Amino acid sequence: MVLLRQHKKREEELLILHREREEGLKHQLKESQDQLAEANDHLRKSMDEVLLKDGRIFKSHRASKNRDSSHSVGYAQLQAPPRILWRRAPRGRRASHFPRCLGRPRCGPVPAYSGGGGAFLPSCQLRACGDFFSLSVETEGGGRRRALLRGPARFQAIITGQMLDRNSMSPRRLEAVVMLLMLMIFNASGAFVGINIGTQVSNLPSPSDIVSILKAKKIQHVRLVNSDHQMLVALANTGIEVMVGVPNDQLLRVGQSRPTAADWINKNVAAYLPATNITYIAVGDEVLTTIPNAALVLVPALQFLQSALLAANLNTQVKLSSPHSMDMISKAFPPSTATFNSTWSSVMSQYLQFLKTTGSAFMLNAQPYYGYVKGQGIFPLEYALFRSLNPNSQIADPNTNLFYTNMFDAMVDATYSSMKAMNFTDIPVMVTASGWPSHGGRNEPAADVDNALAYNSNLIRHVLNNSGTPSQPNNQVSTYLFELFNEDLRAGPDSEKNWGIMFINASAVYSLTFEDVATTTTDSPALRGMFCVANSSAPHSALKQSLDWACGPGSANCSAIQPGQPCYKPDDIVAVASYAFNDYYHRTQASGGTCNFNSTATMSSTDPSHGICIFAGSTGANGSGSGAASGPVSQDSFASHSQSCWLTHLVAALLPVVLLL
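Below you will find a few notes about this structure.

Details of the overall build of the protein chain
Counting its secondary structure elements, the protein chain contains 17 helices and 20 strands. Within the protein chain, the proportion of its 661 residues that are buried is 49%. Residue pairs in contact within the protein chain that sit at least 24 positions apart in sequence constitute 70% of those at least 6 positions apart.

Below, the structure is given as structure tokens:
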């Protein structure tokens, strides 16, 4: 009986404990639901404040009738949860005009979270029309608020301002939310290739002629070394994005006087917006390595100009940075151990903090030509020109085991590592100058037309392939080619006068296209029935290196060999490599492409197509007879599209979690 009573008492105690725990869990659940509803309400009201007016983003200061003057900022009371729709708009259009390329909204609602909210994040059916995002907040009653957001930096500035104004988030949680949203937007944007326009030319074509050349070559981004007013007028209403420059000889005045900086912004930027699409200001050029005496005014110049942009309400439209040369990095290889020259540690720390605060990019002048020449044979020419390396000459970072197929990527990764060494890891790199001279003196054998054409063509293909770099595969590197015209007045050896893709009389030095060759068709009638396939006797390590090059710098369309696609064979590298080699060969054979891949490929008349995996050149004997490679022939492969969808939904899942931290 004693044992029975003890057992019964124990059961009662456990029952009481269970009820207490149940009540505690219910209370915690109620608190979580309240916090989620509050976070959803904050986000909804913040988005409602972002309006569209006169082509600029601004905050609504609508006074509520039920509030006194001490609470002048009111918030619209939405009758139903809003729906957030995203669209993309082309560069260069005024915010008050939504482009034809968008058509009707194609953003199917994807729930960001459930319970107490109706907010939606973008689906993966967006049509790429540029780097503007059109934000539309709708209610079931038909109300709508619109805003035109441009890229991650602008979106970060808006969201940060809205959330800080509400005083509703800790800095850590705010930073996490902003980074998630930036990640989503970065994921939807692609890299671009622009071009530099120098002025050290004895007879420069007229601004109108230069703009005509830009349009003919379909160049949508230009970097001016100064703020030439005639050029800014000629570029008006073209949609071309413009980077203007503060020349080195003006840096001292701008960096020592806030009124001078404001005057510079008013005369050279504000006076031409919005007709001329000015998006960036390059403050000086390689200041620390060419005019070190001006180092102390570089960051003040950036700060004064930023203050002027803020005063003119242009800080979200125009970003500031300053181009640096590779000479700023003491030892660029291996990239993983690269660091900035310690002489400039203090200035660089302030400069990087400015970039992080303003959401700007690190500007890098990356010139593999100089790296190759200064290396004096350490690196092969093929490595500098994006050409396939000999299997015995593969270049790898011994610390990370990452392979580098070209010097350009190594330079960019060295810059990322140098910033990381100073505890800055979230600043993107933009290459503001990269090219190759087409002519040089007797002691400059690498400067010739063939190498210039090879480098610039491969650079364009590499950048537009959106492949990133070995250590930063998800960070695309927009690049400005150096340069449009030969500058015959430049000082130095003959090579310094011959970096242009055009002579000063506007005739072409060589033919160059600014479009991704990967978008061209692979269906060449002359190559029907001929296939470039992997050599089955080649070592698998060599095949993998060739495969990496074909799908990377080679810009082969490798979408069909991604997981889940018709040509995907995870255990058969010969079959996978054959598809990539064949696609590359059919795309590039007309322009000089070969079927070699360091002796790992060979020509065959046997159609390797099987099932619904159709190789370029197929006549239909072993397949469907479509004669085209399976998978979309486009700049963005299926792999990147799948990654985009996956990343968008991941952000949608993580956002409410971060809000509740």
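Text resumes after the structure shown.
Description of the pattern of salt bridges
Across all of its chains, the model carries 7 salt bridges by this definition. Residue Lys 267 is joined to Asp 263 by a salt bridge in which the shortest nitrogen-to-oxygen separation is 3.3 Å. Of the two residues, Lys 267 and Asp 263 both sit in helix α7 (residues 258-268), 4 residues apart, roughly one turn of that helix. Asp 327 is the partner of Lys 374 in a salt bridge, and the nearest nitrogen-oxygen pair spans 3.4 Å.

A closer look at helix α15 (residues 540-551)
In a regular helix each residue adds 1.5 Å, so 12 residues correspond to 16 Å; α15 covers 16 Å between its end C-alpha atoms and thus fits that length. What α15 keeps buried is the set Ala 542, Leu 543, Ser 546, Leu 547, Trp 549 and Ala 550. End-on, the buried residues of α15 take up no more than an arc of 165 degrees, which puts them together on one face. Opposite the buried face of α15, at more than 90 degrees from it, the exposed residues are His 540 and Ser 541. Close packing links the buried residues of α15 with β19 (531-534) and α16 (573-588).

Focus on the sheet that holds strand β18 (residues 479-481)
Sheet architecture is open: 9 strands sit in the order β12-β11-β10-β9-β8-β18-β17-β14-β13, paired in parallel fashion. Only two strands of the sheet have a single neighbouring strand rather than two, namely β12 (319-321) and β13 (324-325). Across the face of the sheet, helix α13 (residues 407-421) comes into contact with β14 (362-365), β17 (429-434) and β18 while running at roughly 135 degrees to β17. Each of β8 (193-197), β17 and β18 is contacted by helix α14 (residues 449-464), which is oriented at about 160 degrees to β18, the strand it contacts most.

Let's talk about the side chain of Ser 495
In this structure, Ser 495 sits in the loop between β18 and β19. Ser 495 gets classed as buried once you look at its relative accessible area, which sits at 2%. Setting aside residues no more than four positions away along its own chain, Ser 495 makes contact with Tyr 369, Pro 437, His 439, Gly 440, Glu 444 and Ala 447.

What counts and how
- Residues numbered from 1 in each chain as written.
- Predicted model: local features only at pLDDT ≥ 70, side-chain atom pairs only at ≥ 80, totals over all residues.
- Heavy atoms only, no water.
- Helix = DSSP H or I, 4+ residues; strand = E, 2+ residues; numbered from the N terminus.
- Buried < 20%, exposed > 50% of the residue type's maximum accessible area, 1.4 Å probe, protein only.
- Contact = heavy atoms within 4.5 Å.
- Salt bridge = Lys/Arg side-chain N within 4 Å of Asp/Glu carboxyl O.
- Expected span 1.5 Å × (residues − 1).
- Arc of directions from axis to C-beta.
- Pairing = 2+ DSSP bridges.
- Axes fitted to C-alpha atoms, helices over the stretch in contact; angles between N-to-C directions.

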